[in-house]
Amino acid sequence: MFQNKPRDKRRHFGYRWIRPCTLSSGSLCNICSTITRLFFTLVILLLIPVYSLAENNDRLLDDDPKKPWHIFADEISCDNEADQYIGKGNVVITKGDKKLTADFVRFDQKTMKVYAKGHVIMTAGEDTLAGTSMEMDLEAETGTVYNGTIFIKANHFYIKGNKIQKVGKDSYTVDKASITTCDGDKPAWKITGRNLKITIEGYGFVKHAALWAKKVPVLYTPFLVFPVKLKRQSGLLSPQIGYSDRKWEEYIQPLYWAINESSDATFCLHHMGRRGEKLGLEYRYVLDESSKGTLMFDFLKDKKVDDGTQSSEDWAFEDVTGSRPNADRYWFRMKHDHSMPFDFSLKFDVDVVSDQDYLHEFKGGYTGFDKTDEYFNKTFGRDLDEYDDSVRVNRLNLSRSWTNYSLNAETRWYDDVITRRQEDTDTTLQKLPFIEFNALKKRLLNTPSYFDLDSEYTYFFREDGTKGHRVDAHPRFYLPLRFKHYFTFEPSFGIRETAWRIDEDENTSTEKDWKLHREIYDIKLDLSTGIFNIYHVKDMDRIKHTIVPQIVYDYIPDQEQDKHPYFDSLDRIEKMNLLTYSIINTFTSRSQKYTGKKDEHPKNNLDNGKSYGPPNYIYNQFCRFKLQQSYDINKARENDPEPFSPIYGELELTPEKYFSMQADAEWCQYESDFLSHNVALSISDKREDRIFVEHRYTRDSSRSIYTDFLLKISNRLSAYLNYERNLHDRKKIKSSFGFLHKAQCWSIDISYTHEGDDRRYTFMINLYGLGGLGTDIEGYRVEHPFESKE
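Residues numbered from 1 in each chain as written. Predicted model: local features only at pLDDT ≥ 70, side-chain atom pairs only at ≥ 80, totals over all residues. Heavy atoms only, no water.

## Here's the deal with the environment of arginine 246
Within the secondary structure, arginine 246 is located in the loop between strand E15 (240-244) and strand E16 (248-260). Sequence-wise, arginine 246 and arginine 759 are 513 residues apart; in three dimensions their C-alpha atoms are separated by 9.1 Å. Here arginine 246 is in contact with Arg274, Arg275, Asp314, Trp315, Ala316, Phe317, Glu361 and Asp758, once residues within four sequence places are set aside. In this structure the side chain of arginine 246 is engaged in a polar contact, spanning 2.9 Å, whose partner is the side chain of glutamate 361. (Helix = DSSP H or I, 4+ residues; strand = E, 2+ residues; numbered from the N terminus. Contact = heavy atoms within 4.5 Å. Polar contact = N/O pair within 3.5 Å; in protein donor to acceptor, adjacent residues only side chain to side chain.)

## A look at a positive patch on the surface
Residues Lys186, Lys214, Lys215 and Arg716 make up a contiguous surface patch of positive charge. Looking at where lysine 215 falls in the secondary structure, it is placed in the loop between strand E12 (202-213) and strand E13 (216-228). We classify lysine 215 as exposed; its relative accessible area is 69%. (Patch = residues over 30% accessible without salt bridge, like charges linked within 9 Å, V, L, I, M, F, W, Y side chains within 5 Å. Areas by Shrake-Rupley, 256 points an atom, 1.4 Å probe, with all protein chains shown as cover. Salt bridge = Lys/Arg side-chain N within 4 Å of Asp/Glu carboxyl O. Lys, Arg positive; Asp, Glu negative; His and termini not counted. Charge placed at Lys NZ, Arg CZ, Asp CG, Glu CD. Buried < 20%, exposed > 50% of the residue type's maximum accessible area, 1.4 Å probe, protein only.)

## Observations regarding the side chain of arginine 496
Here arginine 496 lies in strand E28 (residues 487-502). Within the structure, the side chain of arginine 496 is placed 3.0 Å from the side chain of histidine 474, a separation counted as a polar contact. Not counting chain neighbours up to four residues away, the residues in contact with arginine 496 comprise Asp472, Ala473, His474, Arg518, Glu519, Ile520, Leu570 and Ile573.

## Examining the pattern of salt bridges
Per the stated rule, a full pass over the model turns up 39 salt bridges. Of the charged contacts in the structure, one is a salt bridge between arginine 275 and aspartate 302, with a shortest N-O distance of 2.8 Å. One end of the pair, arginine 275, is in the loop between strand E17 (263-272) and strand E18 (276-288); the other, aspartate 302, is in the loop between strand E19 (291-301) and strand E20 (328-339), with 27 residues separating them in the sequence. Classification of arginine 275 as buried rests on a relative accessible area of 1%. A relative accessible area of 5% places aspartate 302 in the buried class. Notably, a salt bridge pairs arginine 699 with aspartate 700, separated by 3.9 Å at the nearest N-O pair. On the basis of relative accessibility, which here comes to 24%, the residue arginine 699 falls in the partly exposed class. Taken together, the salt bridges that share partners define one network made up of Lys335, Asp337, Lys347, Asp349, Arg382, Arg395, Glu410 and Arg412.

## Some thoughts on a negative patch on the surface
Taken together, the side chains of Asp383, Glu386, Asp388 and Asp389 define an acidic patch exposed on the protein surface. Following the sequence through the fold, aspartate 389 ends up in the loop between helix H4 (369-380) and strand E22 (391-401).

## What to know about the state of the cysteines
Taken as a whole and judged by the stated rule, the model has one disulfide. In this model cysteine 182 forms its disulfide with cysteine 745; the gap between the sulfur atoms is 1.7 Å. Taking the sign of the torsion about the S-S bond as the criterion, the disulfide between cysteine 182 and cysteine 745, at about 85 degrees, is right-handed. Here the residue cysteine 182 occupies a position in the loop between strand E10 (171-180) and strand E11 (189-199), and cysteine 745 occupies one in the loop between strand E42 (731-742) and strand E43 (746-755), the gap between them amounting to 563 residues. By relative accessible area, cysteine 745 is classed as buried at 3%. (Disulfide = S-S within 2.5 Å.)

## Some details on the nonpolar core
Of all hydrophobic cores here, the largest spans 30 residues; its most connected members are Val120, Met134, Val145, Ile150 and Leu196. Core analysis: the second largest hydrophobic core is formed by 14 residues, Phe362, Tyr375, Leu384 and Val417 among them. (Core = buried A, V, L, I, M, F, W, Y, C linked by side-chain atoms within 4.5 Å.)

## Details of the environment of lysine 190
Along the chain, lysine 190 falls in strand E11. For lysine 190, a relative accessible area of 25% corresponds to the partly exposed category. Between the C-alpha atoms of lysine 190 and lysine 215, which are 25 residues apart in sequence, the distance is 9.4 Å. With sequence-adjacent residues up to four places away left out, lysine 190 is seen in contact with Ser178, Ile179, Thr180, Ala210, Leu211 and Trp212.

## With respect to H4
Given a rise of 1.5 Å per residue, twelve residues ought to cover 16 Å, and the 16 Å separating the end C-alpha atoms of H4 matches this to within 8%. For H4, the set of buried residues is Phe369, Thr372, Asp373, Tyr375, Phe376, Thr379 and Phe380. Taken end-on, H4 shows its buried residues confined to a sector of 165 degrees, consistent with a single buried face. Opposite the buried face of H4, by more than 90 degrees, sit the exposed residues Glu374 and Lys378. Summarising the contacts, the buried residues of H4 are in contact with E18, E19, E20, helix H3 (358-361) and E22. After H4 finishes, the residue glycine 381 shows a positive phi value of roughly 75 degrees. (Expected span 1.5 Å × (residues − 1). Arc of directions from axis to C-beta.)

## Some details on a nonpolar patch on the surface
Taken together, the side chains of Leu236, Leu255, Trp257, Ile259, Phe267, Leu281, Phe297 and Phe299 define a hydrophobic patch exposed on the protein surface, amounting to about 670 Å² of accessible area. For the nonpolar patch, the secondary-structure elements that each account for two or more residues are E16 and E19. Ranked by the residues each element gives to the nonpolar patch, the list is headed by E16, at three residues. Mapped onto the secondary structure, tryptophan 257 falls in strand E16.

## A look at unusual backbone geometry
Of note, the bond from leucine 432 into proline 433 is cis; its omega dihedral lies within 30 degrees of zero at 5 degrees. Phi angles above zero are rare outside glycine, and aspartate 343 is one such case at about 65 degrees. Within the fold, aspartate 343 resides in the loop between E20 and strand E21 (345-353). The class of aspartate 343 is exposed, set by a relative accessible area of 60%.

Here it is in structure tokens:
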């Protein structure tokens, strides 16, 4: 290894040279300076970032002069008269994660031009540029790559051209261009064109663009414009096309606006041939690391209404109460998180819909309920009320949590859509505000006792009906006792103090009528024990079986409360004299996993006294079974014939990762019948075949079954089926089936969906890296905040 200093500062790069031949110090200096300039120019050439990422280009431009070059060659010669330097045979130039290889390299120091040929390959990280030959002008920062291919790992793009030219600092041209994300010389799809022109942070223009499937042209356009911005780009997003019975032909066209680095907006036009045009807006913003928000608004001037007449019954929904005579339809929803001083957190939720039918009508789709609920839940950790709930909750919450305490202050407004639309007497109860302060269970000073606290203040408001204030405090004191290793006994005593102040305009005549209070106590006795045994099982290290029997006694005295106002269940504390007994069985397996090079088995973990690493233990609670029943002493004293509650049982079974089952049931011993039973079963395998079945039953109320089935016919082809049926009413809720074919760089999805009176046919083609083409509005992807939208 040799290391020389450069002849002048202008040509200084810093380098290290490794080669099998011997040169003089002066010649070595010239050659090193020459090849390092060549490498710098080739780095610049690599910046042809069609569909690339900003972070890749930052890495490629990184040319730290303190880092040395490492250059290998079979033969190096110098022409001092022409001031040219030539490297031949297995030329390799490296610096950091960058590498250039070629058969031949020539550098002209006078003209600052470089020429390389023969298996020219340059890599930077996982990105690659290859060609048969290259010509560079270091001074003008221009050059040409012949028969070149660029591979961008981030999105698996291949860009090919017979002649790729860098014509300016940020401008490139390709004579005959080809773009694909498919591996191999015969891609499954590609886009070709002539006279491709690209400007970084601008646009790309290509003439005679064509989409090919193998060797067959599928689509053609004489001129195509596309963004080549490394940052978020404003512009039209891919449209979606569909058809349904209720809406007829549908066309969704989103327009994306990158407002600035911390906010963006998407405008959406949704054309429905039978219903009109629905306009949508989505605005997203980030204020800091823990403060962000999203608001969405949709509006439709509906051509069809449900005024309750027979002629409009096609636009009604069977399971929705009331008619829908309004044509102006909208849905405004918003969620906001904000970090406040002193570690307080502010959350703001809005959900206002025009009518009770809207979320049934637009449950699916890009701006529909399902996608919105999924996005809010993933982004903010809070979901929406169910789509069929006509009372929508709006709230403003301020909270803070300490180690043992928590504070929540909230204004909560319940919007009853049906009452608002019908302009009936509105008795909907609002909480303006609701303040809650709680203390977790903790030791009381230095005593063996513990205590916790639940407390709240609420002002109840409604337009029609009783309004007023309520304060409630409920401290509880515990004295846990442990009798060796046999059992634990924990008695606890709670005191509840509740005070009301009713608004004086509620026909109250005396102070006694509008100032009320209540004191009530409760007692709880908790007795439990735990026994276990450990079993050694073949193919497992061991299994632990634990049995936890428990008896809990709850007592609340009978107290007259009719004089108190009634806002919610807290205003009526029912008497209780209840004995509840339960038993819980759990099975937990422990398996050993060795990471040594030898046979990963305890017996083979040592070789001539040498250890191949300690085992890692994997624990899995693969079974949990619970039985519980209560005995009501008050009912027994009142000669009630049924003092025992139904027997409740639940089972969770996950013996291994490809199988799981959850079940629960209530059995009435007096009627020898189930009051309810629910079971969900999931089975899968290594091939990714999957079947999920769920059956739910509530006596005299509901009975339904849901199935989700996926069959991997081959590595690329899958068939899937979804079916949901109301067995109680003997009605099919929803069914769909289809086929999905996935290749390395594309997929096709063909399906049929039948839901209610609506039938939908779907044909989706997804070209990885470009997006989807097809007829399914349901398939439009909701972008996450500040993803690059192309």
